[in-house]
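# Inside the fold
Spelled out from the first residue to the last, the chains are:
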Amino acid sequence: MIAPDNGRPKAPKASRLDFEGRAIPVAPDDTVASALYRAGVRIFSRSFKYHRRRGLYCLTGDCPNCLMTVDGEPAVRTCRTPATEVRTVARGSGWPSAGHDLLSILWRLRAFLPVGFYYKSMIRPRWLWPLAERVIRRVAGLGPIARDLPVVNRERLNHHPELLVVGGGVAGLAAALAAAQRGETVVLADEGVIGEGLAPGPARARVDALRAQLRRHGSITVLERALAIGLYQGPLVPIAGADRLHLVHPARIVVATGAVESHAVFPGSDLPGVFLARGAARLAGVHHLSPGRRIVMVATSDEAMDHLDTLRAQVARDAGASVVAVVAPRALAARVPAGVEVLHDGAVVAAFGRRGVLAGSDGGLRAVVVATGGGRRTIACDALVLGLGLEPRDGLLRQAVCEPVQGAGEVVSPGCTLAEAEASGFAAASPDSTIAVAGAFVWPATERALPPVASKGFVCLCEDVEAGELAQAWDEGYRSTELLKRYTTVTMGACQGALCQAHLRAFVGERSGGASRPTAVVRPTVARPPARPVRLEDLAAGVRVPLEYHTALHSRHLALGATMEWTGAWKRPSHYGDVEGEYRAVRENVSLMDVSTLGKYQIAGADAMRFLERLYPCHIADLAPGRSRYALLLNEAGYLFDDGLVCALGDDGYYITFTSSGADAAESWLREWAESWGYNVHIANLTWSRSAIHVAGPRTRELLAKLTDDPIDAAALPYGGVSAIRVAGIACRAIRVGFVGELSIELHLPTRLAPALWDALFAAGTECGLRPHGLDALKLLRLEKGHFIVGLDTDFDSTPAKVGAAWAVKMEKPDFVGRTALERLAKIPRERSLLPLSFAGPRAPEEGAQLFVAGAHVGHITSSRFSPLLGKGVALGWVRHPEGSPPLAVTARDTRGEVAGIVTRAPFYDPRGERLRA
Amino acid sequence: MLEIGRFCAGIVECHASPRTLDALKVPAGVHRCRVAPDELLLLAAPSRTEELLRRATAHLAVVEPGAIAVDQSDGWTIFGLPGRLPDDEGMLALRQLAMIPFPERRPAFVQGAVAGGSAKLLLLPGIVFLLVPFALRDHVERRLREVGGGTLRIAAEEIPFAGLAAEG
């Protein structure tokens, strides 16, 4: 059961698509790119920086030329996108349109826009840069992101195969089959549909045959149209599928991502009409489209000659189309059919486009200049097909550091034969094959010849980096592949160096030593994820939903109309619609609060008392069974990070609580110290299995007396007391607490019984004026008592003394966590304290208000509320007092003005504690 | 349609030294889930909770005073997902929510994150019991429904966890 794509709605298979207002017919096997090309579209995009016209080039998903906005999604590789699944297509950039782009003037202004110009210009005046940045961001790029796209909720699917194969060519299929035949589980991922991009021929036939074998193995999971994003430690390879993100956790990985045709760098090599040979063959052999009417081809390998055959078969069906010339080495010339002019051992040195773009021309190719031993020839043509060799598509492979990864096929041996690719796939799939080891991974292409260094032309099509710009950057001192990459952004575009890496290395090799430093030793730039552009929705797949804890009473809160808020991972009621009413219920009658979110632990074992005594800064040994004590949690630096209660249970050890959001950290702290000291203690986390309901208010006993026969008077259950009682027939641990400053009892009970107890208390409490209270009321109630909340009022470096809780630290104890640090800190004058502040008048300052003394800033307010009973604002605030004594008066400045206040003493309410001890 | 059941179980958590826990014998029908060397989860029908707690407490009191057994039945919500093979519906739902590798052997017990929260999984022939903290019951249910995309039904009522052969 895999859920259907629960994000973007899928359109039914379409027979036409909308391209910038034009209806374009679509054939069943069309990609968006082939459908547009058939309809006469030649300019597919505008380049990143200079807005040069760009047409189809590689058709293998490597170059940026066919990136378009598809159904609102920018930068989609249209040469890999099935046209029948698309409704609207538009070119991403260009003003007023990509076809007639006035911004192409930037090419003529390039002398003013050298590489890194934005680092060096617009420094003064400083206000200019934000404006310039806005203009640059608008002018450059691949198109705006649509803001009205539907939210896509993508899910993950985890796989744990023994082998992951990335790439569904001959080598990849062979690797998958070899592993499956050994009985291993295999995941095979390919960017497209396996074999679909190959023109008919031996490679296609072999892929089809292997694919047929693949289907017979149930242990192979095939992921098609699935992009391997990166190779992470684990190993983990996230693969973006059509409708979900696959997280593959394999034991071994075979990367068989193949090779990409070598990119050519010469003036005009980026013109529409210039194709790489595999792309042109795909256009002809798969989509039955001729790349032009007059085609010139450069073929330097047998494979390129195969592509020539494919092209000729297509043009033979296409009246008026022809291959007019082939530039080939003499060794291959015999494969050029009669009737086609052959230029031996030549090289294309320039290409020219048609002028008059604004007059309606597509600006495509009109002629190429070929240099041969006999001089230069200009040949009129509208398509140039370049079969100059192959470069490994190794962006993923090079991400391997110490993962068990093996390359297979063309990614390690570009241009290898089908038989060699298959053999290499079989070998790579073996568990015994060599694996990449940290620092020892040898990039296979280091022994390959690098392309000649050009002085003109675009090295990087993605980022519009010219050969001359590399030279300029070199002259400015950026003299390595990595520095050039960062300064010029070469290799940082959509292709991630697939096309330009070899040229960059060749350039650095030549500049950094020439003959004395062969270009082959220049390492490529570091490869990092993503290997292919990835959508944000894929990165968010499966993790967009935050963890959300609900107490057993969650539905009760919602039924009572509670507004919920986050407290750590918990959802808790802020209020039930009437904060003051809730507050008054506590002060005047009785109220309930769900405190099930508290961390709750039982500590037992022979060393339990010794352990807690050494852990906490308060005394534990003198805590009699049936008594509890407030305790701070300090780290080794003496800083406060949580607080809670310690309840002595007698033979059962201790029951301790932590704050709702601090429980996880506190548990780790407990376990770390228990292990580190080697004490015989057992720590049971009862947070999930025990709920807790806080009953507070002067009528608490009156309420509970209706539901229990157990004694709950001050003698039986005094302040700080702990006892086992039954309430409404439910066994509870009752703890007398005092956070809100009234008679309060926490009832801790089995979680699934909490709703029953809540209901019983509600039913019985009607006559007592019972109502629940939420966090908003709690924050005022505790503030009136001057109690801080760890995390809200405290900082990372809050010591007990700073927050006025030195009384909870017993320095006479020989040892506890943080004692040494507190001893040292005690010798340093305290210059900052959390102080109780009182504000007379009709309002309390806002939380976060800044505090001033005689105009000098001294601190800020962490908690602040107006107390209805006291008729004044009460607050806690951090105040600096380097002179020693804290100031007597402060001024709070917030968004509404200034409020005068005084530094006072807490508690503000019931200072003698008579009510909570009642 | 994938039917996911809800179960209530008697769950007793024992904290003691590894040797003590190794020596703890449990009656038939009780699943021993070793959470950590010094922590053991016993899973049985809810009707057997008290008996289990009593037996465990008695054993610990004799063998290792200070060790504890606590009733954690209320701390967990249990979902039962049918399936054994990785591509069975129930397993597929889990694979969308968990990075944990699921062993093919049965019975098996694994722990890890499911839907971002801590979880334990008891894998028995034909069914996987997913134990998540009670506080995560709504969250996990929501995530199961989301990955199910309308092809999944989760039982509204809990039924007692019982009737499955256990490994002692």
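Data block above holds the structure.
This section reports on the structure supplied with the text. Keep in mind that what you see is a predicted model, and the values were worked out from it rather than measured.

When you go through chain B residue by residue, the secondary structure sums to 4 helices and 10 strands. Counting from the amino terminus, helix and strand elements in chain B follow one another as β-β-α-β-β-α-β-β-α-β-β-β-α-β. Taking 2.2 N^0.38 as the reference for a compact globule, 168 residues should give roughly 15 Å; the C-alpha atoms of chain B span a radius of gyration of 16 Å, in line with that estimate. Overall size of chain B, expressed as C-alpha extent along the three principal axes, is 50 × 30 × 25 Å. Relative to its full complement of 168 residues, chain B shows a buried share of 58%.

A contiguous patch of negative charge on the surface is contributed by Glu-636, Glu-672 and Glu-675 of chain A together with Asp-38 of chain B. One can find Glu-672 of chain A in helix α18 (residues 663-677). Here Glu-672 of chain A falls in the exposed class, since its relative accessible area comes to 56%.

Right, let's talk about the packing of helix α7 (residues 277-285) of chain A against helix α8 (residues 302-317) of chain A for a bit. Two measures define how a pair of helices packs: the angle their axes make with one another and the distance between the axes. Residue and element names in this part refer to chain A. Interhelical geometry of α7 versus α8 gives an angle of 35° and a closest axis separation of 9 Å. Two packed elements cross with a definite hand, and for α7 against α8 that hand is left-handed. Residues Ala-277, Arg-278, Ala-280, Ala-281, Ala-284 and Gly-285 of α7 form the contact with α8, whose participating residues are Glu-303, His-307, Thr-310, Leu-311, Gln-314 and Arg-317. Each residue belonging to the contact of α7 with α8 can be placed in one class, and the counts come to 5 nonpolar, 4 polar and 3 charged.

Note the cis peptide between Gly-234 of chain A and Pro-235 of chain A, where omega equals -5°. Relative to the assigned elements, Pro-235 of chain A resides in the loop between β12 (227-228) and β13 (237-240). Omega for the peptide link from Arg-106 of chain B to Pro-107 of chain B comes to -5°, which places this bond in the cis form. By secondary structure assignment, the location of Pro-107 of chain B is in the loop between α3 (89-97) and β7 (108-114). The phi angle at Glu-20 of chain A is positive, at roughly 50°, despite the residue not being glycine. Along the chain, Glu-20 of chain A turns up in the loop between β1 (16-19) and β2 (22-25). Residue classification places Glu-20 of chain A among the partly exposed residues on the basis of a relative accessible area of 37%. A positive phi angle, near 55°, is found at Leu-59 of chain A, a position not held by glycine. Secondary-structure assignment places Leu-59 of chain A in the loop between β4 (53-54) and β5 (67-70).

Glancing now at the side chain of His-287 of chain A. Along the chain, His-287 of chain A falls in the loop between α7 and β18 (294-299). Ignoring anything within four residues of it in the chain, the contact list for His-287 of chain A reads Asp-29, Asp-30, Thr-31, Ser-34, Arg-38 and Arg-282 of chain A.

Right, let's talk about the sheet that holds strand β19 (residues 322-328) of chain A for a bit. All names here are of chain A. What the 5 strands build is an open sheet, ordered β17-β24-β18-β19-β20; its pairing is parallel. Single-partner strands in this sheet number two, and they are β17 (274-276) and β20 (341-344). The mean inter-strand angle of the sheet, taken between neighbouring strand axes irrespective of direction, is 20°. Pairing geometry for β18 and β19, over 5 bridges, is parallel. Paired with Ile-295 across the two strands is Val-323, which belongs to β19.

Okay, the side chain of Arg-532 of chain A next. Residues and elements named next belong to chain A. Here Arg-532 lies in the loop between α13 (501-511) and α14 (536-539). On the accessibility criterion, Arg-532 (7% relative accessible area) is buried. A distance of 3.1 Å separates a polar atom in the side chain of Arg-532 from the backbone oxygen of Gly-61. Once residues lying within four places of it in the same chain are set aside, the contact partners of Arg-532 are Thr-60, Gly-61, Asp-62, Arg-77, Glu-191, Leu-227, Ala-228, Ile-229 and Arg-393.

Note: interface size is frequently given as the accessible area lost on complex formation between the parts. Between chain B and chain A, the residue contacts involve 46 residues of the former and 43 residues of the latter. Considering only the surface of chain B that becomes buried against chain A, Asp-74, Gln-96 and Met-99 of chain B emerge as the three largest contributors, covering 18% of it. Linking chain B to chain A there are 4 salt bridges. For Glu-158 of chain B, the salt bridge identified is with Arg-752 of chain A, shortest N-O distance 2.7 Å.

The next point concerns the sheet that holds strand β26 (residues 405-407) of chain A. Whenever strands of a sheet pair, they do so through backbone hydrogen bonds, lying parallel or antiparallel. Residues and elements named next belong to chain A. The strand order across the open sheet formed by 5 strands is β11-β10-β9-β15-β26, and the pairing between neighbours is parallel. One side of each edge strand has no neighbouring strand; the edge strands of this open sheet are β11 (220-223) and β26. Mean inter-strand twist for the sheet, computed between neighbouring axes without regard to direction, equals 15°. Of the pairings in the sheet, the one linking strand β9 (residues 163-166) to strand β15 (residues 252-255) comprises 4 bridges and is parallel in character.

A word on a positive patch on the surface. Residue and element names in this part refer to chain A. A surface patch of positive charge is lined by Arg-108, Arg-110, Arg-355, Arg-366 and Lys-456. Positionally, Lys-456 belongs in the loop between α10 (418-428) and β27 (458-460). Taking relative accessible area as the criterion, Lys-456 reaches 55% and is therefore assigned exposed.

A word on the pairing of strand β31 (residues 591-594) of chain A. Residues and elements named next belong to chain A. What you see with β31 is no split at all: Ser-591 and Met-593 on one side and Leu-592 and Asp-594 on the other are buried throughout. Direction of pairing for β31 relative to strand β37 (residues 690-696): antiparallel, over a ladder of 4 bridges. Among the inter-strand pairings, Leu-592 is bridged to a residue of β37, identified as Val-695. Note that β31 and strand β41 (residues 771-772) share 2 bridges and pair parallel. Bridge pairing in β41 places Leu-592 opposite Pro-772.

This part covers the packing of aromatic side chains. Residues and elements named next belong to chain A. Inspection of every chain in the model, using the stated rule, returns 23 aromatic pairs over all chains. Aromatic pair Tyr-118 and Tyr-119: ring centres 4.9 Å apart, planes at 70°, arrangement edge-to-face. Given the relative accessible area of 30%, Tyr-118 is considered partly exposed. An aromatic cluster is built from Phe-117, Tyr-118, Tyr-119, Tyr-478 and Tyr-487, whose rings are joined through pairwise contacts. Against the face of Trp-107 rests Arg-52, its NZ or CZ located 4.4 Å from the ring centre. The residue whose ring lies beneath Arg-893 is Phe-852, and the NZ or CZ to ring-centre distance is 3.9 Å.

So, on to helix α11 (residues 467-475) of chain A. All names here are of chain A. Buried within α11 are the following residues: Ala-467, Glu-469, Leu-470, Ala-471, Ala-473 and Trp-474. The secondary structure elements touched by the buried residues of α11 are β27, β28 (465-466), α12 (481-488) and α13. Two residues or fewer after α11 comes Gly-477, characterised by a positive phi angle close to 110°.

Moving on, we get to the environment of Arg-87 of chain A. Residues and elements named next belong to chain A. Along the chain, Arg-87 falls in the loop between β6 (73-77) and β7 (88-90). Residue class for Arg-87 comes out partly exposed when judged on its relative accessible area of 47%. Separated by 501 residues in sequence, Arg-87 and Glu-588 place their C-alpha atoms 66 Å apart.

With 12 residues, helix α4 (residues 128-139) of chain A extends 17 Å from end C-alpha to end C-alpha; this agrees with the ideal 16 Å at 1.5 Å per step. Where α4 of chain A terminates, the next one or two residues include Gly-141 of chain A, which has phi positive at roughly 110°.

Parameters and conventions
Residues numbered from 1 in each chain as written. Chains lettered and ligands numbered in written order. Predicted model: local features only at pLDDT ≥ 70, side-chain atom pairs only at ≥ 80, totals over all residues. Heavy atoms only, no water. Helix = DSSP H or I, 4+ residues; strand = E, 2+ residues; numbered from the N terminus. Rg over C-alpha atoms; globule rule 2.2 N^0.38 Å. Buried < 20%, exposed > 50% of the residue type's maximum accessible area, 1.4 Å probe, protein only. Patch = residues over 30% accessible without salt bridge, like charges linked within 9 Å, V, L, I, M, F, W, Y side chains within 5 Å. Areas by Shrake-Rupley, 256 points an atom, 1.4 Å probe, with all protein chains shown as cover. Salt bridge = Lys/Arg side-chain N within 4 Å of Asp/Glu carboxyl O. Lys, Arg positive; Asp, Glu negative; His and termini not counted. Charge placed at Lys NZ, Arg CZ, Asp CG, Glu CD. Axes fitted to C-alpha atoms, helices over the stretch in contact; angles between N-to-C directions. Left-handed = near helix turned anticlockwise from the far one by under 90°. Contact = heavy atoms within 4.5 Å. Nonpolar A, V, L, I, M, F, W, Y, C, P; charged D, E, K, R; others polar. Pairing = 2+ DSSP bridges. Polar contact = N/O pair within 3.5 Å; in protein donor to acceptor, adjacent residues only side chain to side chain. Buried area = accessible area lost by both parts, 1.4 Å probe. Phe/Tyr/Trp six-rings, centres within 6.5 Å; stacked < 30°, edge-to-face > 60°. Lys NZ or Arg CZ within 6 Å of the ring centre and 35° of its normal. Expected span 1.5 Å × (residues − 1).

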